[in-house]
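Chain residues, written in single-letter form:
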Amino acid sequence: MRINTNVAALNAYRNLSDTNNAVAGSMQKLSSGFRINKAADDAAGLGIANRMRADTRAMTQASKNAEQANSVLQIAEGATSSIQKMLERMKELATQAGSDSVDVNGRSRINAEFTALKEEITRTVDTTKFQGGHLLKTVAASAGNAASVFNGSQSGTADSGNTGTATAPTFNGTYSGLVDATITVRVHDAAGANSGTIEADDFQASVDGGTTWVTLAQLATNTGVTVTPSAANAADGDVWTMAATAASGPTEASGGARSFLVGSSEQYTTSDTLTIAAIDLTLGATGLNLASAALTDLDASRAALTSIDAAMEKVATALGDIGATQNRVEFAQGNLKTTIQNFSAAESVIRDLDMAEEMTKFSKNNILAQAGTAMLAQANQSAQGVLQLLRG
């Protein structure tokens, strides 16, 4: 019998440690409901499940995009239907005005309503927006312009024989605008009325101690610029003021063709998108082409009827495109919901825990842990028999 190394106790302790780890793992899984709580549980399964979860979240958002797309289309449809009704009334008026049963005064009154309806079509097109973007017309993007900014301001009255020297009225300041900015100098008479605009070369600047014609590049790269009116254009009593143009920021394009992301199959620019062509219901030539239509006389009224017919055909085409896209969006949304359900089920198979199976393991390991504890206690007591040998 050996007492320095209790092999039975070591063996019992090892088995008990493994069992306790298994019990702890089961408790973690049972409390979270997940089979995979860390990468060590199933590294490959975790990667697959995470990809499915990401796809499911993306498709859930795509479904919301489809709902928003339907909202956009409903707004566009409502406004287009209103324009259709106005065109119907305009055709009625043009038909009335295109008959000699109406005199000049009557036709004038009819034309007044006709003109008002044209203005209402324009107003409807201009105000039909979603999130700030036009739905029934296209507005091109603008780069905007930078402001011409001088720190400080000064104006003065020009004298006869102004030579542009230091005694002339000056504008003292430091330019802080951009090179592509615009600088203007306005001339006012004694009453303050604007009497002309002076070009950039009509005033001079003293740059770094020298006298030169002012340029935007010089103003952008030098400080301490002193600007004086040019001797060639100064007149007795003229008041010179430096005026900075106001800045306008860039604007995004608004309207045009609209593309809705209603899928997440990695075909983000093709199969995952639905697109509706640009709708232009303005009165111009690219839209309804009714800008010049009027009911001023018999011939104009009959010509207006032809234009109105063409405009109504364009509105009908727009309504058809909107309706077709609405149907596509609804079917796409239904398919997304089914796909989300199936992806969620597939992820559940990989990530979620079979509670009954894990509870069976937990019960087994719990009993083994209790038995292992008892056996470890017995193994620790086994060396007590050596004492009997020592007592003799």
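Residues numbered from 1 in each chain as written. Predicted model: local features only at pLDDT ≥ 70, side-chain atom pairs only at ≥ 80, totals over all residues. Heavy atoms only, no water.

### Focus on the overall build of the chain
Okay, so step 1: Looking only at helices and strands, the chain features seven helices and 13 strands.
Okay, so step 2: Looking at the chain residue by residue over its 392 residues, the buried ones come to 36%.
Okay, so step 3: Pairs at least 24 apart in sequence give 72% of the contacts found in the chain among residues at least 6 apart.
Okay, so step 4: With an accessible surface of roughly 22100 Å², the chain has 53% of that area assigned to carbon and sulfur atoms. (Helix = DSSP H or I, 4+ residues; strand = E, 2+ residues; numbered from the N terminus. Buried < 20%, exposed > 50% of the residue type's maximum accessible area, 1.4 Å probe, protein only. Contact = heavy atoms within 4.5 Å. Areas by Shrake-Rupley, 256 points an atom, 1.4 Å probe, with all protein chains shown as cover.)

### Description of the layout of surface pockets
Okay, so step 1: Of the pockets and cavities examined, the largest pocket occupies roughly 190 Å³.
Okay, so step 2: Around the largest pocket, the lining is made up of 13 residues, and of these G263, S264, D272, N335 and L336 lie nearest the centre.
Okay, so step 3: Every element with two or more residues in the lining of the largest pocket is listed here: α2 (43–97) and α5 (298–351).
Okay, so step 4: Per element, the largest residue contribution to the lining of the largest pocket is five residues, and it comes from α5. (1 Å grid on protein atoms, 1.4 Å probe; cavity = no way out; pocket = protein on both sides within 12 Å on 5 of 7 lines; lining within 4 Å. Points joined across faces, edges and corners; volume = space filled by probe spheres on them.)

### Structural notes on the nonpolar core
Okay, so step 1: Of all hydrophobic cores here, the largest spans 42 residues; its most connected members are I83, L87, I121, L136, L288 and L290.
Okay, so step 2: Residue assignment for this core shows that the elements contributing at least two residues are α2, α3 (104–127), β13 (273–276) and α5.
Okay, so step 3: Ignoring any residue separated from it by four or fewer positions in sequence, one finds L288 in contact with I83, I121, D280, L281, T282, L283, S307, A311, K314 and V315.
Okay, so step 4: Counting residues in hydrophobic clusters, the runner-up holds six residues, among them A9, L16, L376 and A379. (Core = buried A, V, L, I, M, F, W, Y, C linked by side-chain atoms within 4.5 Å.)

### Considerations on the pattern of salt bridges
Any two side chains of opposite charge can pair if their charged atoms end up close together.
Okay, so step 1: One pass over the full model with this rule turns up 12 salt bridges.
Okay, so step 2: One salt bridge connects D41 with K38, and the closest N-O pair in it is separated by 3.3 Å.
Okay, so step 3: Taking relative accessible area as the criterion, D41 reaches 25% and is therefore assigned partly exposed.
Okay, so step 4: Here E357 makes a salt bridge to K361, at a shortest N to O gap of 3.8 Å. Pair noted here: E357 and K361 are both in helix α6 (residues 355–381), with a separation of four residues, about one helical turn.
Okay, so step 5: Residue K361 is classed as partly exposed on the basis of its relative accessible area of 38%.
Okay, so step 6: Residues joined by salt bridges that share partners form a network here, namely R51, D55 and E266. (Salt bridge = Lys/Arg side-chain N within 4 Å of Asp/Glu carboxyl O.)

### Looking at the environment of K118
Okay, so step 1: Within the secondary structure layout, K118 lies in helix α3.
Okay, so step 2: Between the C-alpha atoms of K118 and M90, which are 28 residues apart in sequence, the distance is 8.5 Å.
Okay, so step 3: Leave out the neighbours within four places in its chain, and K118 touches M90, L283, L290, A291, S292 and A293.

### Digging into empty space enclosed by the protein
It is the rolling of a water-molecule-sized probe over the atoms that shows where space remains empty.
Okay, so step 1: Within this structure, the stated rule accounts for two cavities of 30 Å³ or more.
Okay, so step 2: Of the pockets and cavities examined, the largest cavity occupies roughly 80 Å³.
Okay, so step 3: Around the largest cavity, the lining residues are V72, L73, A76, L135, G256, R258, I276, A277 and I279.
Okay, so step 4: No other element matches the three residues that α2 contributes to the lining of the largest cavity.
Okay, so step 5: Of the residues assigned to the lining of the largest cavity, the class counts are seven nonpolar, one polar and one charged. (Nonpolar A, V, L, I, M, F, W, Y, C, P; charged D, E, K, R; others polar.)

### Notes on the side chain of N111
Okay, so step 1: Summarising the element assignment, N111 is placed in helix α3.
Okay, so step 2: N111 has contacts with A294, L295 and T296, leaving out every residue within four places of it along the chain.

### Side note on α3
Okay, so step 1: For α3, with 24 residues, the first-to-last C-alpha span of 34 Å sits near the 34 Å given by 1.5 Å per residue.
Okay, so step 2: On its buried side, α3 packs onto α2, β2 (133–134) and α5. (Expected span 1.5 Å × (residues − 1).)

### Examining the packing of α2 against α3
Okay, so step 1: Contact pair α2 / α3: the axes reach a minimum separation of 10 Å and the direction vectors enclose 165 degrees. As summarised for this structure, α2 and α3 are arranged roughly antiparallel, according to the angle between their axes. For the element pair α2 and α3, the recorded crossing hand is left-handed. Mapping the contact onto sequence places A79, I83, M86, L87, R89, M90, L93, Q96 and A97 in α2 and R107, I110, E113, F114, L117, K118, E120, I121, T124 and V125 in α3. (Axes fitted to C-alpha atoms, helices over the stretch in contact; angles between N-to-C directions. Parallel < 35°, antiparallel > 145°, perpendicular 65-115°, else oblique. Left-handed = near helix turned anticlockwise from the far one by under 90°.)

### So, unusual backbone geometry
Most peptide bonds are trans, and most residues other than glycine sit at a negative phi.
Okay, so step 1: Unusually for a residue other than glycine, Q131 sits at a positive phi of about 55 degrees.
Okay, so step 2: Assignment of secondary structure puts Q131 in the loop between β1 (129–130) and β2.
Okay, so step 3: Its identity as a non-glycine residue notwithstanding, E266 has a phi of 70 degrees, on the positive side.
Okay, so step 4: Relative to the helices and strands, E266 is located in the loop between β12 (258–261) and β13.
Okay, so step 5: The class for E266 is partly exposed, based on a relative accessible area of 48%.

### Quick word on the confidence of the model for the chain
Okay, so step 1: Predicted confidence across the chain gives a mean pLDDT of 79, with 72% of residues reaching 70 or more.
Okay, so step 2: Within the chain, α3 carries the highest mean pLDDT (95), whereas strand β7 (residues 194–198) carries the lowest (41).
Okay, so step 3: Taken together, the stretch residues 230–234 has pLDDT below 50 and engages in 12 contacts with residues farther than four places along the chain or on a different chain.
Okay, so step 4: Overall, residues 240–246 carries pLDDT values under 50, and its contacts beyond four positions in sequence, including any with other chains, amount to 33 contacts. (pLDDT = per-residue confidence, 0-100.)

### Focus: the environment of A310
Okay, so step 1: Locating A310 in the fold gives a position in helix α5.
Okay, so step 2: What makes A310 partly exposed here is its relative accessible area of 48%.
Okay, so step 3: C-alpha of A310 to C-alpha of L290: the two residues are 20 residues apart in sequence and 9.5 Å apart in space.

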